[in-house]
Amino acid sequence: NRSHPHHPSMINPAVMPDQVAALVLQAIPDDERLWVPQAPQIHFRPILFNTSHGYWINLLRVQRSGQLNRHLHPAPVFGYVIKGSWRYLEHDWLAREGGFVYEPPGEVHTLVVDDGVEEMITLFHVTGALIYMDENRKPIGYDDVHTKLQLARNHFEATGLGAKYADQFVR
Ligand code: FE
């Protein structure tokens, strides 16, 4: 039956009927409005929000030196350093431009950008959440794919792109 939408003759061999759309974009955008403020001089550039598997991919951009929030991830994080460098207060290694970082589930760490680093940009693939902790390892807040998506929607709405602009990153 050639009229059936799932008949093989109707199927693009590269795209199955129920497959979600590919996502291809310029990671570092030309438009500054695509950088969503997270804290003073800290932005993230949304790349992918997976709301069914609970992960997101974004660029983190830090344009100041000093410490960021101490946090824990209950699930793994992968990072690739695009620009600048950073480290964790709890470790003696330095993540440099071109470097790869794997953060194991359950680790508490505090990101530090050292003096002299004007800007760092790192691609992070985060599953689950960042659970922010105080100095006594007491949870004081969190971010997950839903809070990040909401931050992006609020920012895009405020900058005139419209809240729905964030939908293109959802898979
Ligand atoms: Fe982390």
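Residues numbered from 1 in each chain as written. Predicted model: local features only at pLDDT ≥ 70, side-chain atom pairs only at ≥ 80, totals over all residues. Heavy atoms only, no water.

**Examining the environment of histidine 73**
Relative to the elements of secondary structure, histidine 73 occurs in the loop between strand S4 (66-72) and strand S5 (77-83). Sequence separation between histidine 73 and histidine 125 is 52 residues, and the spatial gap between their C-alpha atoms is 12 Å. Contacts of histidine 73, omitting those with residues within four sequence positions, involve Glu103, Pro104, Pro105, Gly106, Glu107, His109, Val126, Ala129 and Leu130. Only 3.3 Å separates the side chain of histidine 73 from the side chain of histidine 109, close enough to count as a polar contact. A distance of 3.1 Å separates a polar side-chain atom of histidine 73 from the backbone oxygen of alanine 129. (Helix = DSSP H or I, 4+ residues; strand = E, 2+ residues; numbered from the N terminus. Contact = heavy atoms within 4.5 Å. Polar contact = N/O pair within 3.5 Å; in protein donor to acceptor, adjacent residues only side chain to side chain.)

**Here we look at the layout of surface pockets**
In this structure, the largest pocket occupies an estimated 400 Å³ of space. Gln38, Leu60, Leu68, Leu130 and Tyr132 are the residues nearest the centre of the largest pocket, which is lined by 23 residues in total. Elements with a contribution of two residues or more to the lining of the largest pocket: strand S1 (36-39), strand S2 (42-50), strand S3 (55-62), S4, strand S10 (120-127) and strand S11 (129-133). Sort the elements by how many residues they give to the lining of the largest pocket and S4 lands first, with 4 residues. Here the residues of the lining of the largest pocket sort into 13 nonpolar, 6 polar and 4 charged. (1 Å grid on protein atoms, 1.4 Å probe; cavity = no way out; pocket = protein on both sides within 12 Å on 5 of 7 lines; lining within 4 Å. Points joined across faces, edges and corners; volume = space filled by probe spheres on them. Nonpolar A, V, L, I, M, F, W, Y, C, P; charged D, E, K, R; others polar.)

**Brief notes about the environment of aspartate 115**
Tracing the sequence through the fold places aspartate 115 in the loop between strand S9 (108-113) and S10. Judged by its relative accessible area of 69%, aspartate 115 falls in the exposed class. Distance in space between the C-alpha atoms of aspartate 115 and serine 65 is 5.3 Å, their sequence separation being 50 residues. A distance of 2.8 Å separates a polar atom in the side chain of aspartate 115 from a polar atom in the side chain of serine 65. (Buried < 20%, exposed > 50% of the residue type's maximum accessible area, 1.4 Å probe, protein only.)

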